[in-house]
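Report on the structure
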Amino acid sequence: MAVKFDLNVEGNASNSNFLTLTMDEVKSMDYFGTEVLPWWKTIYEKAEDMIEAGFEFYEQVIKDTEAYDEKLIEEFTEVGGEKYSDLLSLVHRQTTGATAKTTSPIDGEPWHWMKEISSDGDVSTVDVIYPAAPFFLYLAPETLRRMFMPLLFYANNSTGATSEYDYDLPWAPHHLGVWPICDILASDQEQMPVEESGNFLIMLAATAKAQNNSIEYLSPYWPLLKAWADYNVASLPDPGDQLCTDDFEGPSPHNVNLAAKGIVGLGAYAMLLEMKGDAEGSEKYMNIAKDLVGNWTEMGVDVDGSHTRLQFNLDDTWSLKYNLFFDVQLGLNLFPQDIIEYDLKHYDSLSNEYGVPLDSRGTFTKADWLMWVYSLGTEEQLNAQVEKLWKFADETEDRVPFTDWYDTVSAKQQGFQARPVMGGIYAKMLL
């Protein structure tokens, strides 16, 4: 179908007009058999009312948008320079474009959803929300909090669905279904127990921190969070043969970075307990986390002492320890600073034309994780990797929406594109 419009702006360069294109989405999602309506229906009775409001507020929206852009570019440039600002500007719409806002079919509150994009079509994948979290924590923590709600309702068996959808696993779920249908059984989850439990606990604590320790909404979920924390306690210091979010590379048992996530997750849970007023519980889990760091350090440092390993059982391996980012951002400081520093020094020695590889198995990297890691480095170290990521985006022959997975030697896209995980390059803004 093609449509032609005459905007009637000839003869005067200062003339302007605009056109409104609207998709009046009737139903957004199906949540375990219940229809989920788009948020616009909460505000407007019919689509025509929404369109009329668009015309009415157009000029103010444009002014607000221009002011927003100017403010963000100034903040981005101040923190990381012009090229960092370019990169963050580039991924802004890519990150928000993967989300949807609806009315909760259970309590009428706004719910947010995220589509995985490209790597899969899953609904609200926890280990996709996690790398995107820095974007939302910096710009819209309430949006992130409301992104948790469909997952928390599901994990807590509060969906109102039949018993076949009961979630009976002692760890956090991976996702809710395939967009736009939420209908996954617990047994059909892509099981990543330490990964998703750690992700969830960390994001809950980071969101609470961003919202002045606001945790009242967690009241129904404390038993759930305790179960996830206790599962990670039982699974650490070595998570064994478990999947982590980098499973696209293949299996990586005894994963050192995954273990770090589990430990930081326990520290995050201790933070939440402290906010709740449970000093005894907070101390208990914080002490467990500290003890596990001792085990992790003893087992995870390579035999030559220059860096940490990819796997506990493999010498002469390494990987980007991006899961230490939230240890610093949350102020937990469980892991020794010197480990972060000598790992960064090791990464610097391995950097290629377009950045540091993800680990010792290949020359490709993940742009989101790369920026998480280097946000913990010196200004000089961060700037060097920003320069290389900017150069990749400028020079790669694969002209697709910004990929997070590319080769650091050839600048070739490796498979993903347009994913919201690129919100992760906002990591430095949180520090």
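Residues numbered from 1 in each chain as written. Predicted model: local features only at pLDDT ≥ 70, side-chain atom pairs only at ≥ 80, totals over all residues. Heavy atoms only, no water.

Before going further, it helps to spend a moment on the UniProt feature "domain: Glutaminase A central" (unreviewed entry) in the protein. Look at the UniProt record and you will see "domain: Glutaminase A central" (unreviewed entry) annotated at residues 81–428. The span residues 81–428 is 47% helical and 6% strand by assignment, and the distance between its end C-alpha atoms comes to 12 Å. (UniProt positions renumbered as here; feature names shortened; annotations may be inferred. Helix = DSSP H or I, 4+ residues; strand = E, 2+ residues; numbered from the N terminus.)

Attention now moves to the sheet that holds strand β5 (residues 177–178). The strand order across the open sheet formed by four strands is β2-β1-β6-β5, and the pairing between neighbours is mixed. Unpaired on one side and paired on the other, β2 (34–36) and β5 mark the two borders of the sheet. In terms of strand pairing, strand β1 (residues 29–31) meets β2 through three bridges, oriented antiparallel. In the sheet register, methionine 29 faces β2, and the bridge partner there is valine 36. (Pairing = 2+ DSSP bridges.)

This part takes up the pattern of salt bridges. Think of it this way: side chains of opposite charge can pair up when their charged atoms draw near. This model, assessed by the stated rule, comprises 17 salt bridges. Through salt bridges with shared partners, a single network forms among Glu109, Glu142, Arg145 and Arg146. (Salt bridge = Lys/Arg side-chain N within 4 Å of Asp/Glu carboxyl O.)

Turning next to helix α5 (residues 126–139). Taking 1.5 Å of rise per residue, 14 residues should cover 20 Å, and α5 covers 19 Å from first to last C-alpha, within 8% of that figure. Of all the bends in α5, the largest measures some 55° and sits at alanine 132, one to four residues before the proline proline 134. Counted residue by residue, α5 has twelve buried out of 14 residues, so it is predominantly covered. Of all the positions in α5, only Val126, Asp127, Val128, Ile129, Tyr130, Pro131, Ala132, Ala133, Pro134, Phe135, Phe136 and Leu137 are classed as buried. (Expected span 1.5 Å × (residues − 1). Bend = angle between axes of the 7 residues up to and from the residue. Buried < 20%, exposed > 50% of the residue type's maximum accessible area, 1.4 Å probe, protein only.)

This part covers the side chain of asparagine 255. Take asparagine 255: it is sitting in the loop between α8 (222–235) and α9 (256–276). Note on asparagine 255: relative accessible area 5%, which makes it buried. Of the polar contacts made by the side chain of asparagine 255, one reaches the side chain of serine 252; its length is 3.0 Å. (Polar contact = N/O pair within 3.5 Å; in protein donor to acceptor, adjacent residues only side chain to side chain.)

The next thing to look at is a nonpolar patch on the surface. A contiguous nonpolar surface patch, about 510 Å² in accessible area, is contributed by Val3, Phe5, Leu7, Leu19 and Leu21. With respect to the helices and strands, leucine 7 occurs in the segment before β1. We classify leucine 7 as partly exposed; its relative accessible area is 37%. (Patch = residues over 30% accessible without salt bridge, like charges linked within 9 Å, V, L, I, M, F, W, Y side chains within 5 Å. Areas by Shrake-Rupley, 256 points an atom, 1.4 Å probe, with all protein chains shown as cover.)

We now examine the side chain of threonine 408. With respect to the element layout, threonine 408 can be found in the segment after β8 (405–407). Polar side-chain contacts of threonine 408 include one of 2.9 Å to the side chain of asparagine 352. Excluding its chain neighbours within four sequence positions, the residues that come into contact with threonine 408 are Asn352, Glu353, Tyr354, Gly355, Val356, Pro357, Thr363, Phe364 and Thr365. (Contact = heavy atoms within 4.5 Å.)

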